[in-house]
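Take a look at the letters that make up each chain.
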Amino acid sequence: MAGGPGSGKGTQCEKIVEKYGYTHLSSGDLLRAEVASGSERGKQLQAIMQKGELVPLDTVLDMIKDAMIAKADVSKGYLIDGYPREVKQGEEFEKKIGAPALLLYIDAKAETMVQRLMKRGQTSGRSDDNEETIKKRLDLYYKATEPVIAYYETRGIVRKINSELPVDEVFAIVVKAIDELK
Ligand SMILES: Nc1ncnc2c1ncn2[C@@H]1O[C@H](COP(=O)(O)OP(=O)(O)O)[C@@H](O)[C@H]1O
Ligand SMILES: Nc1ncnc2c1ncn2[C@H]1C[C@H](O)[C@@H](COP(=O)(O)OP(=O)(O)O)O1
Ligand SMILES: [Mg+2]
């Protein structure tokens, strides 16, 4: 699943897990867990995330791969949230893990994403939900992550979801995209 910061990826993933039982792996959550562990690597990651930058590719991919392996016995399929964030990440994922079946592209206007993140920032406690970092994350999203969508579009696996709608209406479109796969 791809989409800008605050577009609603996490919200939709939660609903997908509830309905389909897929294994949800959020690169952001995995990174935040490493930060919370207080490890030396966590400290380095925290500094990068607070600036709104991307952490090194190998770090994220290794974390995702380890999390996938840990769930391999019981998983009905994987829902990967927030990865790939740059074309290189997509290429490396295919080399080391495999090709995705579907890319859900959760799409909202920049203005909407900023509003949602500022609101989320009031309660999230996330060090990257502040005005300055949000701006950097958005810029980076348009520069690095949007090209990922074009990369998968050539293979016909992208489903663009209008995330300006209320959560349940967004989810209805998501369900249609997933059910078409089956
Ligand atoms: N369709 C929607 N309409 C209104 N608010 C939404 C919608 N989807 C998500 N939100 C809110 O926007 C914020 C960001 O959503 P989140 O799922 O955390 O996005 P992401 O994981 O893409 O950053 C959250 O506070 C969430 O409650
Ligand atoms: N695939 C990835 N590659 C590099 N950095 C990543 C990453 N996924 C997450 N990060 C880092 C940089 C992000 O700004 C930060 C938060 O990610 P996130 O929780 O997925 O954000 P959001 O759900 O608000 O879009 O973690
Ligand atoms: Mg999220």
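Residues numbered from 1 in each chain as written. Chains lettered and ligands numbered in written order. Predicted model: local features only at pLDDT ≥ 70, side-chain atom pairs only at ≥ 80, totals over all residues. Heavy atoms only, no water.

As named in an unreviewed UniProt entry, the protein is Adenylate kinase isoenzyme 1, taken from Cyprinus carpio. Reading the Subunit (unreviewed entry) entry of the UniProt record for the protein gives the comment "Monomer." Of the protein, the UniProt comment under Subcellular location (unreviewed entry) reads exactly: "Cytoplasm". (UniProt positions renumbered as here; feature names shortened; annotations may be inferred.)

> With reference to specific residues and values, describe helix H2 (residues 27-36).
When we look at burial in H2, the residues that qualify are Ser27, Gly28, Leu31 and Glu34. All buried residues of H2 lie within an arc of 125° about the axis, which places them on one face of the element. Here the buried face of H2 lies against strand S2 (23-26), helix H3 (40-50), helix H4 (57-71) and strand S3 (78-81). Following H2 by one or two positions, Gly38 adopts a phi angle in the positive range, close to 80°. (Buried < 20%, exposed > 50% of the residue type's maximum accessible area, 1.4 Å probe, protein only. Helix = DSSP H or I, 4+ residues; strand = E, 2+ residues; numbered from the N terminus. Arc of directions from axis to C-beta. Contact = heavy atoms within 4.5 Å.)

> Which residues make up the environment of Ala99, and what are the values?
Structurally, Ala99 is set in the loop between helix H5 (87-96) and strand S4 (103-107). Its relative accessible area of 59% is what places Ala99 among the exposed residues. Among all residues touching Ala99, those that are not within four sequence positions of it are Glu94 and Arg155.

> Quick rundown of the site of ligand 2? Include the residues and the values.
The environment of ligand 2 is made up of 19 residues, and the closest members are Lys9, Ser27, Arg32, Gln89 and Arg137. Between an oxygen atom of ligand 2 and a side-chain N or O atom of Arg32, the distance comes to 2.8 Å. Contacts to ligand 2 include Arg126, whose side-chain N or O atom sits 3.2 Å from an oxygen atom. Alone, ligand 2 offers 540 Å² of accessible surface; in the complex the protein occludes 96% of this. Broken down by element, the shell around ligand 2 gets its largest block of residues, four residues, from H2. Of the residues belonging to the shell around ligand 2, the class tally is seven nonpolar, four polar and eight charged. (Near = heavy atom within 4 Å. Polar contact = N/O pair within 3.5 Å; in protein donor to acceptor, adjacent residues only side chain to side chain. Areas by Shrake-Rupley, 256 points an atom, 1.4 Å probe, with all protein chains shown as cover. Nonpolar A, V, L, I, M, F, W, Y, C, P; charged D, E, K, R; others polar.)

> Describe the UniProt feature "binding site: AMP" (unreviewed entry) in the protein, and please don't skip the residues or the numbers.
According to UniProt, the feature "binding site: AMP" (unreviewed entry) maps to Ser27, Arg32, Glu53, Leu54, Val55, Gly82, Tyr83, Pro84, Arg85, Gln89, Arg126 and Arg137 in the numbering used here. In summary, the annotated positions, distributed over 111 residues, remain apart in three dimensions as well, the widest C-alpha pair reaching 24.0 Å. Tracing the sequence through the fold places Arg32 in helix H2. Assessed through its relative accessible area of 28%, Arg32 is described here as partly exposed. Mapped onto the elements of the fold, Pro84 is located in the loop between S3 and H5. Look past the residues within four positions of Pro84 in its chain and what remains in contact with it is Gln89, Gly90, Thr145, Val148 and Tyr152.

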